[in-house]
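Descriptive analysis of the structure
Listed below, chain by chain, are the residues.
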Amino acid sequence: MSVSDALAFFRAWISNPLRVAAVAPSGSAVASLMTQDITPGTGPILELGPGTGPFTQALLERGVPEQNITLVEYDATFARLLARRFPLARVLHMDAAELTAAGLYAGATVGAVISGLGILAMPADKASAILSGAFACMVPGGAFYQITYGPRCPVPRAILDRTGWTMRNLPPASVYRIMRHRSLLPSAL
Ligand SMILES: C[S@@+](CC[C@H](N)C(=O)[O-])C[C@H]1O[C@@H](n2cnc3c(N)ncnc32)[C@H](O)[C@@H]1O
């Protein structure tokens with residue numbers, strides 16, 4: 001992590017601690033854990049809350065073509081930095097809760113969603129809108145990967161139960177893989 005990234009992050013955190021939700025960018029070990037299931041064959045990747053891009057960089061190192069990555073970032077300074085750093089990726093300066101309205105993909109084509117969002121600090125209806133929008137973009141077996149530094153999955157149990165998604169912890173760090181319940185896959189309908 002560069003000093004300039006750390007400073008940019010700290011400044012963003014000072015201006016909006018709840019939204020930025022961390023004082024420093026994730027390190028390479030967390031980025032590696034977060035992306036461990038991803039291969040070049042996963043297909044298009046949607047990343048939410050990329051910040052300065054440590055998970056994006058890890059995706060590239062796993063062989064994901066840059067043009068297959070869409071980055072959704074609310075902070076304007078981070079969005080500009082990401083556009084410079086990853087010129088072939090699609091960088092969108094927007095709220096991840098607006099995914100459904102934005103219609104980013106023609107159909108459900110995304111193989112995985114990587115989320116660095118501070119879901120724990122969000123109201124439940126916002127978290128629910130983000131998950132609904134993300135799953136609407138994803139192929140049936142696609143997974144939503146969520147990082148957390150807390151002791152539990154940051155997606156409220158009520159949302160998971162209501163939508164039928166199931167979750168699986170990837171030990172030892174707190175990365176959760178949230179998937180549609182088997183009974184909701186098209187082949188089971
Ligand atoms: C905890 S930081 C994680 C940054 C990066 N993924 C990392 O691990 O270093 C959360 C990021 O999500 C962004 N963010 C917060 N709320 C958002 C929203 N509703 N839509 C899009 N991005 C959001 C923040 O601006 C910040 O960049």
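Residues numbered from 1 in each chain as written. Predicted model: local features only at pLDDT ≥ 70, side-chain atom pairs only at ≥ 80, totals over all residues. Heavy atoms only, no water.

1. Digging into the environment of Gly-63
Within the fold, Gly-63 resides in the loop between helix 4 (54–61) and strand 2 (69–73). On the basis of relative accessibility, which here comes to 35%, the residue Gly-63 falls in the partly exposed class. C-alpha separation for the pair Gly-63 and Pro-40, spaced 23 residues apart in sequence, amounts to 5.2 Å. (Helix = DSSP H or I, 4+ residues; strand = E, 2+ residues; numbered from the N terminus. Buried < 20%, exposed > 50% of the residue type's maximum accessible area, 1.4 Å probe, protein only.)

2. Focus: the pairing of strand 3 (residues 90–93)
As judged from the 4 bridges shared by strand 2 and strand 3, these two strands associate in the parallel manner. Across the sheet, Thr-70 pairs through a bridge with Arg-90, a residue of strand 3. For the segment spanning strand 2, helix 5 (residues 76–85) and strand 3, crossover handedness is right-handed. (Pairing = 2+ DSSP bridges. Right-handed = clockwise from strand over helix to strand, strands pointing away.)

3. Here we look at the packing of helix 1 (residues 3–15) against helix 5
Running from N to C, helix 1 and helix 5 point in directions that differ by 155°, and their axes come no closer than 11 Å. Comparing the axis directions of helix 1 and helix 5 gives the class roughly antiparallel. Of the residues in helix 5, those touching helix 1 at Asp-5, Ala-8, Phe-9 and Ala-12 are Phe-78, Leu-81 and Arg-85. Counted by class, the contact of helix 1 with helix 5 contains 5 nonpolar, no polar and 2 charged residues. (Axes fitted to C-alpha atoms, helices over the stretch in contact; angles between N-to-C directions. Parallel < 35°, antiparallel > 145°, perpendicular 65-115°, else oblique. Contact = heavy atoms within 4.5 Å. Nonpolar A, V, L, I, M, F, W, Y, C, P; charged D, E, K, R; others polar.)

4. Description of the environment of Pro-140
With respect to the helices and strands, the residue Pro-140 is situated in strand 5 (residues 138–147). Note on Pro-140: relative accessible area 39%, which makes it partly exposed. Sequence separation of Pro-140 and Gly-111 is 29 residues, and the distance between their C-alpha atoms is 8.7 Å.

5. A short note on the pairing of strand 5
Burial analysis of strand 5 places 7 of its 10 residues in the buried class, the great majority of the element. Note: strand 4 (residues 110–115) against strand 5, 5 bridges, orientation parallel. If you follow Val-110 over to strand 5, its bridge partner there is Met-138.

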